[in-house]
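Breakdown of the fold
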Amino acid sequence: MTLPVSTEPPPPGTAIVNACDGSDASLWALDRAMTEAEAHRLPLHVLAVVNPSPTGYPPGMADLVQESVQRLTASMSDGLRRAVATVQAARPRPYAGQLTLHVLLGNVVDVLLRAADGRHTLVLGTRGNGGFTRLLLGSVSTAAVHHAGCPVLVVPAPVEEP
């Protein structure tokens with residue numbers, strides 16, 4: 001069965017919210033979000049957020065790029081479904097709770113902060129490249145930790161075995 005993907009924000013209510021961009025870090029965070037949702041018996045809203053125009057469109061250009069935005073949304077929807085399938089296949093027992101998928105357009109930090117407002121938990125991955133940089137959070141994780149209207153769980157990459 002193909003999971004539907006909404007282009008609308010998740011409905012209000014107590015839930016776990018997860019940000020997933022398809023990176024390894026976001027897949028580890030998605031797995032943890034599934035575990036948290038099961039433990040608290042809450043719905044899980046998985047969001048992929050993309051900013052199709054970080055600087056805005058010049059006047060008259062918005063209509064011209066609409067087709068590209070639709071293709072981008074479709075591509076992000078497919079990627080989000082693949083991410084969920086990948087995590088489900090790797091879990092000892094697949095997640096069976098309430099799950100909704102959302103592809104949202106806009107500034108990533110702004111969209112995530114709005115979606116997380118008043119939720120149970122926002123679950124994010126972080127990208128560390130080894131060494132000193134592993135001590136740092138990414139810009140999205142940092143913004144979420146400092147500004148989210150709910151608790152934030154930042155999931156680090158698994159420790160690599162020597």
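Residues numbered from 1 in each chain as written. Predicted model: local features only at pLDDT ≥ 70, side-chain atom pairs only at ≥ 80, totals over all residues. Heavy atoms only, no water.

What follows deals with helix H1 (residues 24–40). Because the α-helix completes a turn every 3.6 residues, residues three or four places apart line up on one side. Counted at 1.5 Å a residue, the expected span for H1 with its 17 residues is 24 Å, and the 24 Å between its end C-alpha atoms agrees. Of the residues making up H1, those classed as buried are Ala25, Ser26, Leu27, Ala29, Leu30, Ala33, Met34, Glu36 and Ala37. The positive-phi residue at the C-terminal boundary of H1 is Arg41, with phi of around 50 degrees. (Helix = DSSP H or I, 4+ residues; strand = E, 2+ residues; numbered from the N terminus. Expected span 1.5 Å × (residues − 1). Buried < 20%, exposed > 50% of the residue type's maximum accessible area, 1.4 Å probe, protein only.)

With that settled, the discussion passes to the environment of Cys20. The residue Cys20 is located in the loop between strand S2 (16–19) and H1 in this model. Using a relative accessible area of 5% as the deciding quantity, one classes Cys20 as buried. The spacing of Cys20 and Gly125 is 105 residues in sequence and 8.1 Å in space, taken between C-alpha atoms.

Most of strand S3 (residues 44–50) sits inside the fold, with seven of its seven residues counted as buried. Both S2 and S3 contribute to a ladder of four bridges, which runs parallel. Looking at S3, one finds that Ile16 is bridged to Leu44. Pairing between S3 and strand S4 (residues 99–105): seven bridges, direction parallel. Looking at the pairing, Ala48 lines up with Val103 of S4. (Pairing = 2+ DSSP bridges.)

All of the buried residues along helix H4 (residues 139–147) are Ser141, Ala143 and Ala144. Down the axis of H4, the buried side of the element spans an arc of 165 degrees, and every buried residue falls inside it. For H4, exposure combined with an orientation more than 90 degrees from the buried face picks out Ser139 and His146. For H4, the elements touching its buried residues are helix H3 (108–116), strand S5 (121–125) and strand S6 (152–155). (Arc of directions from axis to C-beta. Contact = heavy atoms within 4.5 Å.)

Looking at the element boundaries, Val109 is found in helix H3. Between the C-alpha atoms of Val109 and Val49, which are 60 residues apart in sequence, the distance is 8.9 Å. Setting aside its immediate chain neighbours within four residues, Val109 contacts Val140 and Ala143.

Where H3 meets H4, the closest approach of the two axes is 10 Å, and the angle between their N-to-C directions is 35 degrees. Both H3 and H4 take part in a crossing whose hand is right-handed. Along the contact surface, H3 presents Val108, Val109, Leu112 and Leu113, while H4 presents Val140, Ala143, Ala144 and His147. Tallied by class, residues from the contact of H3 with H4 come to seven nonpolar, one polar and no charged. (Axes fitted to C-alpha atoms, helices over the stretch in contact; angles between N-to-C directions. Left-handed = near helix turned anticlockwise from the far one by under 90°. Nonpolar A, V, L, I, M, F, W, Y, C, P; charged D, E, K, R; others polar.)

If you walk across this open sheet you meet the six strands as S1-S4-S3-S2-S5-S6, and the pairing is parallel. In this open sheet, the two strands that pair with only one neighbour each are strand S1 (5–6) and S6. Along the sheet, H3 makes contact with S2, S3, S4 and S5, crossing S3 at roughly 160 degrees. Where H4 meets the sheet, it contacts S5 and S6, and its direction lies at approximately 160 degrees from that of S5.

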